[in-house]
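If you want the building blocks of each chain, they are given just below.
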Amino acid sequence: MSNTTSDQELTLEEKGEQLPALDFTLDNAQWLMLTLSAIAFSVYHILYAFTFVVNSDQHTIISLGLSIFLMIQLVEANLDELTGKVLFAAKLVSSALILYITYYFVTSYSTILTRILNYTQQEYVFAIILVGAILLFTYRRYGVFITSVVVLSFGYAMLGSYIPGQFGHSSIQFARVLERTALVFDIGLFGFLPGVGAQWIVLFLVYASLLIEFGALQLAMDFGARMNQHLQSGVPQLAVVTSFIMGSISGSAAANTATTGAVTIPLMKSYGMDGETAAAIESNASSGGQVLPPIMGASAFVMASFLNIRYFDVIVGALLPAIIFYLTVSISVYYVSKGYELSEPASDEHTLETTQESGQAWYVYLPLAVSVLVLIYDLGIRQIGPLTSGFHSVMSLLVLQFIWKMILADDRGETLRDYGRNLGVGLQKGAIASAEIMVVLGAIAIFVSLLGSGNLVQVLSFMMLDISGGLLFPLLLVAMILSIIFGLGMPTVAAYVVVVVFVAPAVADLGIAEFNTHLFVFYFAILSAITPPVALAAVIASGIAEADFLKVAKKAMILGAPLFILPYTIIYHPSIANWNGDTPLTFVYLLTTFTAIVTIIHFNLGYHEYVNGAIKTVAGGALVAVMFWGTTTIQAAGFAVAALIVVAFHYMERNSSKTVAPA
């Protein structure tokens, strides 16, 4: 990625995308340390997938320790000031300390296992340091909300005897808290959640970053540019495509909005779209990317481990709802874009900047396609584990990309330098994204381990059942509200874990399949990113667009309204998420669900001159009722009428000279 900004204005992370300078000043030492540690982080995880040099618990310890080490390197010290020099010294000391603690736990692993609940004073100190580091970097990366939730869990565990009513429990001592969070290897920092991150998530995030650096994002952009030549909403659709791809990788709607939105929102504005609408589109697309297999914002791996099923089964089950989700956003964007002339940009100031040239021939991207096919073949046909599948995909990408680039190269020296640079940047970005995910997984692991000290989850589950009267639809409404509340301000994987722990048991008690229940709460945890009052994706998008937050949030909710219906179809038509060759009705339900959502989009976003708000509300409500509770015959008749209404509206619009105003 070319960069014309002066070195003094670059952040450490941005400098890490360049080759280190040869004059080794202290400033460059920070930059070099970040670059080398990030690359070493990714290389270690790739090699582990091949060698399995240590056992899985030790690998989790190493992965989490290296993640904290890398997060320390991301702290930038301004060496022109005394406080910056002190911070730089603190970075060196803390880096060495984290590496030593990691080394100690790895080498003492077998010994520590033999003396459970009989730890040394030094080990308790190490536990305090690790927990403090996780909380610090969770706060720095994700803000006060999720950090406060984890801190409150400490109070819940240690002050349980002071909590009145049925939520109270026997308090546990601080030493036991440290043991549960950082010294017992099967729970807490070295337990289930960070283990999933170390075993599966990191390698796939590195692979995804390499795909992007070698041209996957540029391929999506080229597709969007060609689409813009034939479709009026091409530019907004480009934002949807890129945000869905990046959202699946990033694991955070907020991070996705901040990165892709920084380019796509100004790009849409340059084509004449107002900032509020551009921000609303980006908010929906960035949130929706989290449902997209194969990564699903890193939640696919956690879901597979929670449910004790194959990772491949998760991505297959999540595929059809994800397709509906994407098409819903895409169609909504199409209707919103109808009121704008988006064929030519007002200026060429805003372009999507990548390391690849635009407009390349399709065969340039063959190595990317082959590596993805290798992944599908390993997971779907050979049915081997995600770790080995990920390793095969990474290596096939690196080898085939190198060979293919050399075959096509005019200047092999320049091509070799570009390959090395793309490789380095991809490894670095993958490492940084992975470290951020590992840190928040550690924080949520602390939270979950401390919840086990009381009966909060069971009591909340009983309360949900009491409020709903044991009826499915009221229970789902309560679960939706709680999922949105618990998901506010959290990255995808953290929100998913929290809502599954709190909300899913009550839904599952009514006999709903576990996988469908997990998808239901997962979708609403994601939609919390566009739901006021927090609506974190809308907050960030409105800042980029320089637009009013409340107006952006309102438009985002209007655009995303049909998305709040989709999770219910996963419960009422469970075969959508549990489909196979023996369930042809799955595709009937899929078609009817899609028809219903498209009709609701029509009512929601268009045809203001034909239908008033009251009629649209009644018609939409009737359609939802038919979709959930009607017999097969009633559903078929209802959706046939809906399709006829859509066709009729299209015919009236085509024969009308009026311009439909944007939502």
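Above this text sits the structure in question.
Procedures and definitions
Residues numbered from 1 in each chain as written. Predicted model: local features only at pLDDT ≥ 70, side-chain atom pairs only at ≥ 80, totals over all residues. Heavy atoms only, no water. Axes fitted to C-alpha atoms, helices over the stretch in contact; angles between N-to-C directions. Helix = DSSP H or I, 4+ residues; strand = E, 2+ residues; numbered from the N terminus. Parallel < 35°, antiparallel > 145°, perpendicular 65-115°, else oblique. Left-handed = near helix turned anticlockwise from the far one by under 90°. Contact = heavy atoms within 4.5 Å. Nonpolar A, V, L, I, M, F, W, Y, C, P; charged D, E, K, R; others polar. Phe/Tyr/Trp six-rings, centres within 6.5 Å; stacked < 30°, edge-to-face > 60°. Buried < 20%, exposed > 50% of the residue type's maximum accessible area, 1.4 Å probe, protein only. Salt bridge = Lys/Arg side-chain N within 4 Å of Asp/Glu carboxyl O. 1 Å grid on protein atoms, 1.4 Å probe; cavity = no way out; pocket = protein on both sides within 12 Å on 5 of 7 lines; lining within 4 Å. Points joined across faces, edges and corners; volume = space filled by probe spheres on them. Core = buried A, V, L, I, M, F, W, Y, C linked by side-chain atoms within 4.5 Å. Expected span 1.5 Å × (residues − 1).

**Student:** Looking at this structure, how should I read the packing of helix α18 (residues 412-451) against helix α21 (residues 492-502)?
**Tutor:** Working note: a packed helix pair is described by the angle between its axes plus the distance between those axes. Here α18 crosses α21 at 15 degrees, and the two axes come no closer than 9 Å. What the angle tells us is that α18 and α21 run roughly parallel. Between α18 and α21 the crossing geometry is right-handed. Facing I437, V440, L441, I444, F447, V448 and L451 of α18, the residues of α21 in contact are V493, A494, V497, V498, V501 and F502. Looking at the contact of α18 with α21 residue by residue, the class counts come to 13 nonpolar, no polar and no charged.

**Student:** Explain the packing of aromatic side chains here, please?
**Tutor:** Centre distance and the angle of the planes are the two values used to describe a pair of aromatic rings. Applying the stated criterion to the full structure yields 32 aromatic pairs. Judged by centre distance (5.8 Å) and plane angle (50 degrees), the rings of F185 and F190 are tilted. Here F185 matches F190 in class, with each residue buried. Ring centres of F402 and Y419 lie 5.3 Å apart, and the angle between their planes is 70 degrees; this geometry places the pair in the edge-to-face category. Within this pair, whereas F402 is found in helix α17 (residues 386-408), its partner Y419 is found in helix α18, the two being separated by 17 residues in sequence. Residue F402 is classed as partly exposed on the basis of its relative accessible area of 34%.

**Student:** When you look at the pattern of salt bridges in this model, what are you seeing that I'm missing?
**Tutor:** If charged atoms from side chains of opposite charge come close, those side chains can pair. All chains considered together, the criterion is met by eight salt bridges. Among the salt bridges present, the one from R176 reaches E179, with a minimum N-O distance of 2.6 Å. Taken together, the residues span about one helical turn, with R176 and E179 both in helix α8 (residues 174-183) at a distance of three residues. On the basis of relative accessible area, R176 is assigned to the partly exposed category, the value being 35%.

**Student:** Explain the layout of surface pockets here, please?
**Tutor:** Taking a probe equal in size to a water molecule and rolling it over the atoms shows the remaining empty space. By volume, the second largest pocket is sized at about 950 Å³. Taken together, 29 residues line the second largest pocket, and the ones lying closest to its centre are L211, L292, P293, P294 and V372. Elements with a minimum of two residues in the lining of the second largest pocket: α9 (192-213), α10 (216-230), α11 (234-250), α15 (311-337) and α16 (366-382). In terms of residue count, α16 provides more of the lining of the second largest pocket than any other element does, six residues in total. A breakdown of the residues in the lining of the second largest pocket according to their chemical character gives 28 nonpolar, one polar and no charged.

**Student:** Quick question: what am I supposed to make of the nonpolar core here?
**Tutor:** Side chains that are nonpolar tend, in soluble globular proteins, to be buried together. If you look at the biggest cluster of nonpolar residues, it comprises 188 residues, and the most contacted ones within it are F105 and L519. In terms of residues, this core owes the most to one element, α18, which gives 17 residues. Here L519 is in contact with M296, M303, G317, A318, I570 and A577, once residues within four sequence places are set aside.

**Student:** Can you help me understand the environment of Y142 in this one?
**Tutor:** With respect to the secondary-structure elements, Y142 resides in helix α6 (residues 121-142). Sequence spacing of Y142 and A255 is 113 residues, and the spatial spacing of their C-alpha atoms is 9.4 Å.

**Student:** So what exactly am I meant to see when it comes to the environment of G197 here?
**Tutor:** If you trace the backbone, G197 turns up in helix α9. On the basis of relative accessible area, G197 is assigned to the buried category, the value being 0%. If we ignore the near neighbours within four places in the chain, the residues touching G197 are V202, M438 and L441.

**Student:** What's the story with the packing of α6 against helix α7 (residues 144-158) in this structure? I'm lost.
**Tutor:** Two elements in contact, α6 and α7, have axes separated by 7 Å at closest approach and are oriented at 150 degrees. On the basis of the axis angle, α6 is roughly antiparallel to α7. Contacts between α6 and α7 involve V131, L135, T138, Y139 and Y142 from the former and V144, I146, T147, V150, V151 and F154 from the latter. Residue composition of the contact of α6 with α7, grouped by class: nine nonpolar, two polar and no charged.

**Student:** What is the right way to look at unusual backbone geometry in this model?
**Tutor:** Glycine aside, residues mostly have negative phi angles, and peptide bonds mostly take the trans form. A positive phi is found at F52, a non-glycine position, where the angle reads about 50 degrees. Of note in this structure, N308 is not a glycine but carries a positive phi near 55 degrees. Following the sequence through the fold, N308 ends up in the loop between α14 (299-307) and α15. Given a relative accessible area of 71%, N308 falls into the exposed group.

**Student:** Where do I start with α7 in this structure?
**Tutor:** Each turn of an α-helix holds 3.6 residues, which means side chains three or four residues apart point in the same direction. The end-to-end C-alpha separation of α7 is 21 Å, in line with the 21 Å expected for 15 residues at 1.5 Å each. Elements that come into contact with the buried residues of α7 comprise α6, α8, α18, α19 (456-468) and α21.

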